[in-house]
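# Observations on chain architecture
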Amino acid sequence: MASPLPVPHDTPDPDFADLLARRPHLKAHALDGLVMDDVPLAQIARQVGTPTWVYSAATLRRRYGTLRDALEGAGLTASVHFAAKANDSLAVLRVLGAEGAGADVVSEGELLAARAAGIPARRIVFSGVGKTEREIALALREGILQINAESAEEIERISSVADAMGLTAPVSLRINPDVDARTHAKISTGLAENKFGIPYTDAPALYARMASLPGIRPVGLAVHIGSQITEGMAGFRAAYARVAEMAQALMGRGLPVERLDCGGGLGISYRDEAPPSPAALAGAIKATLGPLGLPVMLEPGRWIAAPAGVLLASVVLQKRGANRRFVILDAAMNDLVRPAMYEAWHGILPVAPDALHAPASPADVVGPVCETGDTFARGRALPDLPPGALVAFLDAGAYGATMSSTYNARPLAAEVLVDGHRWAVTRPRQPLEALLAHQVVPDWLGTTA
Ligand SMILES: *Cc1c(COP(=O)(O)O)cnc(C)c1O
């Protein structure tokens, strides 16, 4: 059972200067305060209000480019398919699609978002353990690059849907390599006990079955062992070695294997983690899968998008507790759920120029939702933050807005894209009326007394 409050760390938190030094798109300006690329965050807050997600287009481009270059630098023929569940903003998908990225989608909604953002279907992969017939049919109608099948039952379903449509589905088999990614239990996916993929030992028979079924063309193998992987390359390497061995065995039996999907999972440094570099990941792919000479695919989400986004929030009030200071924000766990859900640590920077250099003391940073779990940080060194002061949650560009809810009848926050000196609202704040607009109270309930 997860702790309802963030767990204390045994190393000191990085200070504001450390946090800024590792995030080149954010700068502390003497007059404007915290600036993303060329836009003061205070200006966005003034015009759009808070809470608001702000994404840096330049950072998305730079990080996508770094990954692509690392794969090319290792001598691989590779494609990068951004995991839309990390950030499904159409503007974000458009930025990445324009750079040449494909998408990895896990639902009809994400498939439509990727297509609406202009990402061609031939660069889209459909993953997930529970695709419906309707979703499979949509993917095939769109002309998707591949569907990653996760069970024997799903293979039969894809075959019957495709056959009935008179189409052939390109299908990769997602294997469960039974390796420990050494990440948070809720985002570990490559252990035999997890719901994902096909047991490793069942793969040869299932792959042969795919080759024999109508409406299916087997195109390769896929693997994805988890998310926010920061503890070295061992898990990735073990998983890719299993894929290599399996691909070799399938080809040895005369079965067609066209490409290998390495999944996502590369972690980032939210606090002081030292995740493997893209070059190290590319090197591990080259060492394990390179000898097969097949094109490889990567499905990164977090690594590309998390550092590119912040969540801007305002202080509602500071409250003196019995023995602690509470900074109560207008953002809450319904906006950014990662601290409540995964005990995640996010850097929190004050936005005002003077606040970045003012004396700091410990504070608990919380939202207004009626749950103790609505705690973003405990004992965080922060300056005095009077009502109206702005703060920015760092690394909120992945699994931030996409995991938001309207819990406590709180509307979804606005989203903004910054591109150099330009910026635009890419999703207006959800109007409060929208929370009520689609609800129906049956007539037979009558009126209130
Ligand atoms: C979530 C997911 C990804 C992306 O994971 P990140 O940790 O964000 O890189 C990629 N592939 C699959 C199948 C996923 O479920």
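Keep in mind that what you see is a predicted model, and the values were worked out from it rather than measured.

## Description of the site of the ligand
Around the ligand, the surrounding shell holds 15 residues, and the nearest of these are Lys 85, Ser 227, Glu 299, Arg 302 and Tyr 399. Asp 104 has a polar side-chain atom sitting 3.3 Å from a nitrogen atom of the ligand. Contact between the ligand and Glu 299: a nitrogen atom at 2.5 Å from a side-chain N or O atom of the residue. Spatially, the ligand is embedded in the largest pocket. Along the lines of polarity and charge, the residues of the shell around the ligand split into 3 nonpolar, 7 polar and 5 charged.

## A look at the UniProt feature "binding site: substrate" (unreviewed entry) in the chain
The UniProt entry lists Arg 302, Arg 338, Tyr 342, Glu 371 and Tyr 399 under the feature "binding site: substrate" (unreviewed entry), expressed in the numbering used here. What stands out for the annotated residues spanning 98 residues is how far apart their C-alpha atoms range, the widest pair being 27.0 Å apart. Within this annotated set, the largest pocket is lined by Arg 302, Tyr 342 and Tyr 399. Non-local contacts of Arg 338, meaning those with residues more than four positions away in its chain, are made with Tyr 270, Arg 302, Glu 343, Ala 344, His 346, Ala 398 and Tyr 399. Those residues within four positions of Tyr 399 in sequence are excluded, and the remaining contacts are Lys 85, Ala 86, Ser 227, Arg 302, Leu 336 and Arg 338.

## Some thoughts on the packing of aromatic side chains
We describe a pair of aromatic rings using the distance from one ring centre to the other and the angle between the two ring planes. A full pass over the atoms with the stated rule returns 2 aromatic pairs. Centre to centre, the rings of Phe 236 and Tyr 240 are 6.0 Å apart; their planes meet at 25 degrees, and the pair counts as stacked. You can see Phe 236 and its partner Tyr 240 sitting in helix H9 (residues 234-252), 4 residues apart, about one turn around the helix. Like Tyr 240, Phe 236 is buried.

## A few points about the confidence of the model for the chain
With 98% of its residues at a pLDDT of 70 or more, the chain has an overall mean of 95. Per-residue pLDDT, averaged within each element of the chain, yields its smallest value for strand S10 (residues 198-199) (90) and its largest for strand S4 (residues 52-56) (99).

## A closer look at the layout of surface pockets
Considered as a void within the structure, the largest pocket measures approximately 700 Å³ in volume. Considering the residues around the largest pocket, the lining is formed by 37 residues, among which Lys 85, Val 106, Phe 196, His 224 and Tyr 399 are closest to the centre. Looking at the lining of the largest pocket, its residues break down into 13 nonpolar, 13 polar and 11 charged. Shared between two domains, the lining of the largest pocket takes at least three residues from each, and those domains are domain 1 (16-56 + 306-436) and domain 2 (58-303).

## Regarding the pattern of salt bridges
Working definition: two side chains of opposite charge can pair if their charged atoms are close together. The tally for this structure, following the rule as stated, stands at 19 salt bridges. Across the salt bridge formed by Glu 142 and Arg 115, the nearest N and O atoms sit 2.5 Å from each other. One end of the pair, Glu 142, is in helix H6 (residues 133-142); the other, Arg 115, is in helix H5 (residues 108-116), and 27 residues separate them in sequence. The partner of Glu 156 in a salt bridge is Arg 209, and the shortest N-O contact between them spans 2.7 Å. Of this pair, Glu 156 sits in helix H7 (residues 152-165) while Arg 209 sits in helix H8 (residues 203-212), and the two are 53 residues apart along the sequence. By relative accessible area, Arg 209 is classed as partly exposed at 37%. Linked by salt bridges that have partners in common, Asp 13, Arg 271, Asp 272 and Arg 380 make up one network.

Conventions and cut-offs
- Residues numbered from 1 in each chain as written.
- Predicted model: local features only at pLDDT ≥ 70, side-chain atom pairs only at ≥ 80, totals over all residues.
- Heavy atoms only, no water.
- Near = heavy atom within 4 Å.
- Polar contact = N/O pair within 3.5 Å; in protein donor to acceptor, adjacent residues only side chain to side chain.
- 1 Å grid on protein atoms, 1.4 Å probe; cavity = no way out; pocket = protein on both sides within 12 Å on 5 of 7 lines; lining within 4 Å.
- Sits in = over half its atoms within 2 Å of the grid points.
- Nonpolar A, V, L, I, M, F, W, Y, C, P; charged D, E, K, R; others polar.
- UniProt positions renumbered as here; feature names shortened; annotations may be inferred.
- Contact = heavy atoms within 4.5 Å.
- Phe/Tyr/Trp six-rings, centres within 6.5 Å; stacked < 30°, edge-to-face > 60°.
- Helix = DSSP H or I, 4+ residues; strand = E, 2+ residues; numbered from the N terminus.
- Buried < 20%, exposed > 50% of the residue type's maximum accessible area, 1.4 Å probe, protein only.
- pLDDT = per-residue confidence, 0-100.
- Points joined across faces, edges and corners; volume = space filled by probe spheres on them.
- Domains from an automatic or database assignment.
- Salt bridge = Lys/Arg side-chain N within 4 Å of Asp/Glu carboxyl O.

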